[in-house]
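Each chain, written out:
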Amino acid sequence: AQSVTQLGSHVSVSEGALVLLRCNYSSSVPPYLFWYVQYPNQGLQLLLKYTTGATLVKGINGFEAEFKKSETSFHLTKPSAHMSDAAEYFCAVVGGGGNKLTFGTGTQLKVEL
Amino acid sequence: DAGVIQSPRHEVTEMGQEVTLRCKPISGHDYLFWYRQTMMRGLELLIYFNNNVPIDDSGMPEDRFSAKMPNASFSTLKIQPSEPRDSAVYFCASRSLADTYTGELFFGEGSRLTVL
C-alpha cells in the first residue's frame, strides 16, 4: 500500500526566506504524488503533482517539488516565502487503483515578518 | 462552475441527534469522495462513489455513519446517532473519470460538525 510521511507538523520561516516542506513516500509501484494546500476555513486545493516525466514539477504560487526516487522523497520548496503562504500543506499519494488519494498528516507553515 | 458545494458549513448538535451533511459535486464529475479531518487522525477517506454507486466504504467508522448518492448532483452523509467523537470537519470532493491517477480532487469548503 502507498503512504506518505511528512516530517515536521509545524514549520516557521521568515518572510523572504526559503520554504522547505518534507515528504517521503512508500510505494511498491511508481508513485503519483501530489501537494495540496489548505487555507484557513477552506477546502484543499492542488498545488502541484508528479505523475511521469520531468522530476522537477512547478506549481502555483511559485512552489515547486522534486521527485527523487533514490531518496523516496517529494519535498516542496519555494525560494522566497510570502505572508500569504501561511497555510497547511499536505503531501498525498495515489493508491487503490487510482481512486484513493492518501494524505500525509500535514505541515502547518507559519510565515513571520 | 460554482465548484463543490457543501452544506451546512457549520453544525452544532447534541449527542444522540441525527446529522445530515450535503454535497453537490461539480457537474460532469464521475467520482465523489467524503473525507473527515480531525487533529488527531488528519484526513481520512470515509467513502467514495463512482457514477452514484458506492465503491469503497471501508473508511466509514461504524454503522452510525451512512452515505448515499441518489443522483449525479447530490450526496448525503448521515450520522445517527451522533457522538462527541464525531466532531470534525467533513469534506466532500469530486473529480472526473479522465483524471484517474493524474488528476486533482476538487474539494468543497467543508462542514464543521460539533457534537456536544
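As shown above, the structure is provided for reference.
How each quantity is defined
Residues numbered from 1 in each chain as written. Chains lettered and ligands numbered in written order. Predicted model: local features only at pLDDT ≥ 70, side-chain atom pairs only at ≥ 80, totals over all residues. Heavy atoms only, no water. Core = buried A, V, L, I, M, F, W, Y, C linked by side-chain atoms within 4.5 Å. Buried < 20%, exposed > 50% of the residue type's maximum accessible area, 1.4 Å probe, protein only. Helix = DSSP H or I, 4+ residues; strand = E, 2+ residues; numbered from the N terminus. Pairing = 2+ DSSP bridges. Axes fitted to C-alpha atoms, helices over the stretch in contact; angles between N-to-C directions. 1 Å grid on protein atoms, 1.4 Å probe; cavity = no way out; pocket = protein on both sides within 12 Å on 5 of 7 lines; lining within 4 Å. Points joined across faces, edges and corners; volume = space filled by probe spheres on them. Nonpolar A, V, L, I, M, F, W, Y, C, P; charged D, E, K, R; others polar. Disulfide = S-S within 2.5 Å.

### Some words on the nonpolar core
Ranked by internal contacts, the top residues of the largest apolar core, which has 27 residues, are Trp35, Leu48, Phe74, Leu76 and Tyr89 of chain A. Among the elements of the structure, strand 2 (10-14), strand 3 (19-26), strand 4 (33-38), strand 5 (44-50), strand 7 (64-68), strand 8 (73-78), strand 9 (87-95) and strand 11 (107-112) of chain A are those that each provide at least two residues to this core. Listed in part, the 21 residues of the second largest apolar core include Trp34, Phe49, Tyr90 and Leu113 of chain B.

### Some points on the sheet that holds strand 3 (residues 19-24) of chain B
Residues and elements named next belong to chain B. Within the open sheet, the four strands sit side by side as 1-3-8-7. Their pairing is antiparallel. Only two strands of the sheet have a single neighbouring strand rather than two, namely strand 1 (5-7) and strand 7 (65-71). With strand direction ignored, the average angle separating the axes of adjacent strands in the sheet is 15°. With five bridges connecting them, strand 7 and strand 8 (residues 74-79) associate as antiparallel partners. Within strand 8, the residue paired with alanine 67 across the bridge is leucine 77.

### Things to note about the layout of surface pockets
By volume, the largest pocket amounts to about 610 Å³. What lines the largest pocket is a set of 28 residues, and nearest its centre among them are Gln38 and Glu88 of chain A together with Gln37, Thr38 and Met39 of chain B. Counting only elements with at least two residues in the lining of the largest pocket, the list comes to strand 9 of chain A together with strand 4 (31-38), strand 5 (42-50), strand 9 (88-95) and strand 11 (111-115) of chain B. Of all the elements, strand 9 of chain B adds the most residues to the lining of the largest pocket, at three residues. The residue inventory of the lining of the largest pocket, partitioned by class, reads eight nonpolar, 15 polar and five charged. Roughly 260 Å³ of internal volume is contained in the second largest pocket. Around the second largest pocket, the lining is made up of 18 residues, and of these Leu101 and Thr102 of chain A together with Leu43, Glu44 and Leu45 of chain B lie nearest the centre. Counting residues per element, the ones that place at least two in the lining of the second largest pocket are strand 10 (100-103) of chain A together with strand 5 of chain B. Class assignment for the residues of the lining of the second largest pocket results in seven nonpolar, six polar and five charged.

### Points about the state of the cysteines
One pass over the structure, following the stated rule, counts two disulfides over all chains. Bridging cysteine 23 of chain A to cysteine 91 of chain A, the disulfide has an S-S length of 1.9 Å. Here the S-S torsion is close to -65°, and the disulfide linking cysteine 23 of chain A with cysteine 91 of chain A is therefore left-handed. You can see cysteine 23 of chain A sitting in strand 3 and its partner cysteine 91 of chain A sitting in strand 9, a full 68 residues away along the chain. Assessed through its relative accessible area of 0%, cysteine 23 of chain A is described here as buried. According to the relative accessible area criterion, cysteine 91 of chain A is buried, its value standing at 0%. Between the sulfur atoms of cysteine 23 of chain B and its disulfide partner cysteine 92 of chain B the distance amounts to 1.9 Å. Its torsion about the S-S bond being -65°, the disulfide of cysteine 23 of chain B and cysteine 92 of chain B is classed as left-handed.

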